[in-house]
Amino acid sequence: MQGITVWMAIVDFIPVVLFFIAAVILQRDLYDKLVKGAYSLLAAGSIMVLVGGFFKALWKALYALNVCDYVLLDHSFFPMQGPGFLIFFAGLLGLFYTKDKNVKAYSAAPLVFTGTLPFIVMQILGLGGAHVSLTIFSIKNGNKKAPYYLAVAFVAMFAMGYLGAKFDNSSNMHWIAQLTNIVSMGAFLLGTISIHKTLVKNA
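Residues numbered from 1 in each chain as written. Predicted model: local features only at pLDDT ≥ 70, side-chain atom pairs only at ≥ 80, totals over all residues. Heavy atoms only, no water.

(A) Spatial organisation of the pattern of salt bridges. If you walk through the whole model with that rule in mind, you get three salt bridges. Among the salt bridges present, the one from Asp 12 reaches Lys 60, with a minimum N-O distance of 3.7 Å. One end of the pair, Asp 12, is in helix H1 (residues 6–30); the other, Lys 60, is in helix H2 (residues 36–64), with 48 residues separating them in the sequence. The residue Lys 56 makes a salt bridge to Asp 74 at a minimum N-O spacing of 2.6 Å. In this pair, Lys 56 is assigned in helix H2 and Asp 74 in helix H3 (residues 71–75), connecting sequence segments 18 residues apart. Residue classification places Lys 56 among the buried residues on the basis of a relative accessible area of 16%. Classification of Asp 74 as buried rests on a relative accessible area of 17%. (Salt bridge = Lys/Arg side-chain N within 4 Å of Asp/Glu carboxyl O. Helix = DSSP H or I, 4+ residues; strand = E, 2+ residues; numbered from the N terminus. Buried < 20%, exposed > 50% of the residue type's maximum accessible area, 1.4 Å probe, protein only.)

(B) Here's a closer look at a nonpolar patch on the surface. On the surface, a nonpolar cluster with roughly 530 Å² of combined accessible area is contributed by Val 6, Trp 7, Ile 10, Leu 65 and Val 67. You can see Val 6 is positioned in helix H1. Overall, Val 6 belongs to the partly exposed group, its relative accessible area being 37%. (Patch = residues over 30% accessible without salt bridge, like charges linked within 9 Å, V, L, I, M, F, W, Y side chains within 5 Å. Areas by Shrake-Rupley, 256 points an atom, 1.4 Å probe, with all protein chains shown as cover.)

(C) Highlighting the packing of aromatic side chains. Taken as a whole and assessed by the stated rule, the structure comprises nine aromatic pairs. Pairing Phe 77 with Phe 78 gives two aromatic rings, centres 5.0 Å apart and planes at 70°, and the pair type is edge-to-face. An aromatic cluster of at least three residues, connected via ring pairs, comprises Phe 19, Phe 85, Phe 88 and Phe 188. Over the aromatic face of Phe 77 sits the side chain of Lys 56, whose NZ or CZ is 5.5 Å from the ring centroid. (Phe/Tyr/Trp six-rings, centres within 6.5 Å; stacked < 30°, edge-to-face > 60°. Lys NZ or Arg CZ within 6 Å of the ring centre and 35° of its normal.)

(D) Spatial organisation of the packing of H1 against helix H7 (residues 171–202). Running from N to C, H1 and H7 point in directions that differ by 20°, and their axes come no closer than 9 Å. Taken together, H1 and H7 sit at an angle that is classed as roughly parallel. For the crossing formed where H1 meets H7, the hand is left-handed. By residue class, the composition of the contact of H1 with H7 is 18 nonpolar, seven polar and two charged. (Axes fitted to C-alpha atoms, helices over the stretch in contact; angles between N-to-C directions. Parallel < 35°, antiparallel > 145°, perpendicular 65-115°, else oblique. Left-handed = near helix turned anticlockwise from the far one by under 90°. Nonpolar A, V, L, I, M, F, W, Y, C, P; charged D, E, K, R; others polar.)

(E) Just the environment of Ser 170, in detail. Along the polypeptide, Ser 170 turns up in the loop between helix H6 (146–165) and H7. Along the sequence, Ser 170 and Ile 4 sit 166 residues apart, while their C-alpha atoms lie 8.6 Å from each other.

(F) Looking closely at the side chain of Gln 81. Position of Gln 81 among the secondary structure elements: in helix H4 (residues 77–92). Here Gln 81 is in contact with Val 49, Gly 52, Gly 53 and Gln 123, once residues within four sequence places are set aside. (Contact = heavy atoms within 4.5 Å.)

(G) View of the environment of Ile 193. With respect to the element layout, Ile 193 can be found in helix H7. Under the relative-accessibility criterion, Ile 193 is labelled partly exposed at 28%. Between the C-alpha atom of Ile 193 and that of Ile 21, which follows or precedes it by 172 residues, the distance is 9.4 Å.

(H) Structural view of the nonpolar core. The biggest cluster of nonpolar side chains holds 35 residues, and the ones touching the most others in it are Phe 19, Leu 30, Phe 88, Leu 92, Leu 134 and Phe 188. Looking at which element gives the most residues to this core, the answer is H1, with nine residues. Apart from the residues within four sequence positions on either side, Leu 134 is in contact with Leu 26, Leu 92, Leu 95, Leu 150, Phe 188 and Ile 195. Counting residues in hydrophobic clusters, the runner-up holds five residues, among them Met 8, Trp 59, Ala 64 and Leu 73. (Core = buried A, V, L, I, M, F, W, Y, C linked by side-chain atoms within 4.5 Å.)

(I) Seen up close, the packing of H2 against H4. Between H2 and H4, the least distance of the axes is 7 Å, while the angle of their chain directions is 155°. As summarised for this structure, H2 and H4 are arranged roughly antiparallel, according to the angle between their axes. Both H2 and H4 take part in a crossing whose hand is left-handed. Considering only residue class, the contact of H2 with H4 consists of 16 nonpolar, seven polar and one charged.

This is the structure we're talking about:
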């Protein structure tokens, strides 16, 4: 852990807050558009992603403040966010089912595993799938702006996956990853807000 500072830890909370706002907006807007099982997956996935991101940022804060090096907070990041994004995506798939259809939801508890690559793949598939689902949903509702925001979020998210695979724990890598994550979550939030405005307009 080279060069982790208090400012770095504070910045690491930003994408967590951005995703939290986006998740709340989505859950409020999609509550009556998803079957109960799909909505539960959306909510559960959101919580897993938020907790994983919060734990990671909290670990950096505790480390930077010389309180402790509680590595379990750091190690829980990928095992929570990878499956969390997949479950989040599974919930969004409910947008393409009508309420008179039965939707079966499948999820599995993540195995205790120290490698990060499988969880990075889950993050890319889950969040990428979420971007595609929301893009299709926004186009169907006549929103031409949200897909551009979501495209930026997807590219930045894909870059995050690459950085995660190449992560070397250096200070520069931490900053690059954090700023890329902020761009990704910021664009995702803008896309979510754009979809929200369209739903309000069409209501």
